[in-house]
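Summary of structural features
Chain by chain, the residues:
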Amino acid sequence: MIMVGTMAITLWVIGWAMKAPYAVRLNMMAMLLVGVMMIHVILPDGHPLRLATGGDARLWAIFFGFGVLVWVYSKFLGGLKARVKRPETAALKTDSFSPTELDRYARHIILREVGGPGQKALRDAKVLVVGAGGLGAPALEYLAAAGVGTIGVIDDDVVENANLHRQVIHLDRNIGIPKVHSAAEAMTAQNPFVTVRPYARRLDAEIAADLFSDYDLILDGSDNFVTRYLVNETAVAADKPLIAAALTQWEGQISVYEPAKGTPCYACVFPKPPDPALVPSCAEAGVIGPLPGVIGSMMAVEAMKLITGAGESLGGRLLIYDALYAQTRTIAVKPEPDCKVCKGKGLTAT
Ligand SMILES: [Zn+2]
């Protein structure tokens, strides 16, 4: 008995000295007890080892049973505590806002065009952002800050040093990690009342339809035409409004594509991708740092207008911002009856 007690204390002290986690030390105790019980089961009566370890297995069985009871009880308590802690986030799913949320969104709620119903619509909205780079990053930041309840973000890139002069959602310490995880971390740190769903992969035709079906609204901030056309085709097929934008050097453009509301689709306006030689990437041509912030924030504004029904959207208009000369132009764009994607659906929309 004394020998087993000494062994238990020695093991505990060694575990403590080696900074072994509490659970590991408890496991070592359990293993010691099982070992002692095995000695009593396997060895014959009167064996010196049995005598040295108490002589009777029943005593150790009671110890073991007591330990199991304590463990089960602590697990049960842990479960209860977790359930008690949950209401803070569970409150989000109820109809009313918590006092903290009301305070957080007070400057929204006071706006006549948003109000309480608009803020609730934002909370209930599910928005998918394609790309967590230049355009996606500011859009994601503002959507999360504004309290858009569920935000999906899909991107297969990792944060690079050369992204950081414009993609301010990503931090220096996150270089090398997937952009969607870096963005999700920043968004939930800024607003813990929203749910972020990061998808660290490239959007492809295999998953697009399924993914889009989970969301009410799509924002396209991707940096390549293959993805842009796929996003448009999937959004048209699923009848989801699409906010798409693009950037080059000093210029950005943005529009809302919602054929069901009489606007063109992206392919009506840009039926064919331009010659790649004419559209250099940010890496090849450069881009002025705050430009994605301007256009990406506009994407978030348009998203919030669509969700709350405020104002007049950019549907049917292409907004072009020339940062170098500080000029903004808006061009009317129309549905094309020969469009291969939407077949000019916007022409017959009411
Ligand atoms: Zn079209």
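Residues numbered from 1 in each chain as written. Predicted model: local features only at pLDDT ≥ 70, side-chain atom pairs only at ≥ 80, totals over all residues. Heavy atoms only, no water.

Regarding helix H15 (residues 291–308)
Residues separated by three or four positions in an α-helix point in the same direction, a consequence of the helix having 3.6 residues per turn. Helix length check: H15, at 18 residues, gives a terminal C-alpha distance of 26 Å against a target of 26 Å (1.5 Å per residue), a fit within 8%. For H15, a buried count of 13 out of 18 residues is recorded, marking the element as mostly surrounded by other parts of the structure. At the exit of H15 stands Gly309, carrying a positive phi of roughly 80°. (Helix = DSSP H or I, 4+ residues; strand = E, 2+ residues; numbered from the N terminus. Expected span 1.5 Å × (residues − 1). Buried < 20%, exposed > 50% of the residue type's maximum accessible area, 1.4 Å probe, protein only.)

Re the packing of helix H11 (residues 205–212) against helix H12 (residues 225–238)
Closest axis-to-axis distance for the H11/H12 pair is 10 Å, and the angle between their directions is 45°. Between H11 and H12, the crossing angle belongs to the class labelled oblique. At the point where H11 passes H12, the crossing takes the right-handed sense. Contact with H11, carried on its side by Ala205, Ala208, Ala209 and Phe212, involves Leu230, Val231, Thr234 and Ala235 of H12 and no other residues of that element. Of the residues contributing to the contact of H11 with H12, the split by class is 7 nonpolar, 1 polar and no charged. (Axes fitted to C-alpha atoms, helices over the stretch in contact; angles between N-to-C directions. Parallel < 35°, antiparallel > 145°, perpendicular 65-115°, else oblique. Left-handed = near helix turned anticlockwise from the far one by under 90°. Contact = heavy atoms within 4.5 Å. Nonpolar A, V, L, I, M, F, W, Y, C, P; charged D, E, K, R; others polar.)

Section: the packing of helix H9 (residues 136–145) against H15
Relative orientation of the contacting elements H9 and H15 amounts to 40°, with a least axis distance of 7 Å. Classified by the angle between their axes, H9 and H15 sit oblique to one another. Here H9 runs over H15; the crossing is right-handed. Mapping the contact onto sequence places Pro138, Ala139, Tyr142 and Leu143 in H9 and Pro292, Gly293, Gly296, Ser297, Met299, Ala300, Ala303 and Met304 in H15. Partitioning the contact of H9 with H15 into residue classes produces 9 nonpolar, 3 polar and no charged.

Brief notes about the pairing of strand E7 (residues 317–322)
Here strand E6 (residues 251–257) pairs with E7 via 4 bridges, running antiparallel. Note on E7: the bridge partner recorded for Glu251 is Asp322. With antiparallel pairing between neighbouring strands as the criterion, E7 and strand E8 (residues 327–332) make up a hairpin whose turn holds 4 residues, including Ala326 at a positive phi of roughly 50°. (Pairing = 2+ DSSP bridges.)

Comments concerning the confidence of the model for the protein
Per-chain confidence: the protein averages 87 in pLDDT, with 77% of residues scoring 70 or above. In the predicted structure, residues 82–92 sits below a pLDDT of 50 and forms 4 contacts with residues beyond four places in sequence or in another chain. (pLDDT = per-residue confidence, 0-100.)

Points about the coordination of the zinc ion
In the first shell of the zinc ion, the protein supplies Cys265 (SG), Cys268 (SG), Cys339 (SG) and Cys342 (SG), at 2.2 to 2.3 Å from the metal. Coordination of the zinc ion draws on donor residues from a single chain, spaced C-x2-C-x70-C-x2-C in sequence. On the basis of relative accessibility, which here comes to 0%, the residue Cys265 falls in the buried class. (Donors = N, O, S within 2.8 Å, 3.2 Å for Na, K, Ca; no water.)

So, the packing of aromatic side chains
Inspection of every chain in the model, using the stated rule, returns 5 aromatic pairs. A ring pair is formed by Phe225 and Tyr229, whose centres lie 6.3 Å apart and whose planes are at 35°; its orientation type is tilted. Of this pair, Phe225 and Tyr229 both sit in helix H12, 4 residues apart, roughly one helical turn. Overall, Tyr229 belongs to the buried group, its relative accessible area being 12%. Pairing Tyr257 with Tyr266 gives two aromatic rings, centres 5.7 Å apart and planes at 80°, and the pair type is edge-to-face. Considered together, Tyr257 and Tyr266 belong to a single accessibility category, that of buried residues. Taken together through their ring pairs, the aromatic side chains of Phe225, Tyr229, Tyr257, Tyr266 and Phe270 make up a single cluster. Its end group placed over the ring of Phe97, Arg123 keeps NZ or CZ at 4.5 Å from the ring centre. If you follow Arg228 out to its NZ or CZ, it ends over the ring of Phe225, 4.7 Å from the centre. (Phe/Tyr/Trp six-rings, centres within 6.5 Å; stacked < 30°, edge-to-face > 60°. Lys NZ or Arg CZ within 6 Å of the ring centre and 35° of its normal.)

Concerning the nonpolar core
Ranked by size, the top nonpolar core spans 39 residues in total, and within it Leu140, Leu143 and Leu219 carry the most contacts. At the level of elements, strand E1 (126–130), H9, strand E2 (150–154), helix H10 (179–190), strand E4 (217–220), strand E5 (242–248), E6 and H15 are the ones that each hand at least two residues to this core. For this core, the element with the most residues is H15, which contributes 7 residues. If sequence neighbours within four positions are ignored, Leu219 has contacts with Val127, Leu128, Val129, Val130, Ala139, Leu143, Ile243, Met299 and Ala303. Of all hydrophobic cores here, the second largest spans 27 residues; its members include Val130, Leu230, Tyr266 and Cys268. (Core = buried A, V, L, I, M, F, W, Y, C linked by side-chain atoms within 4.5 Å.)

Focus: the environment of Val256
Residue placement: Val256 occurs in strand E6. For the pair Val256 and Pro241, spaced 15 residues apart in sequence, the C-alpha to C-alpha distance is 7.3 Å.

Description of unusual backbone geometry
Unusually for a residue other than glycine, Gln249 sits at a positive phi of about 40°. Residue placement: Gln249 occurs in the loop between E5 and E6. Residue class for Gln249 comes out partly exposed when judged on its relative accessible area of 39%. Even without a glycine there, the phi angle at Lys343 is positive, about 55°.

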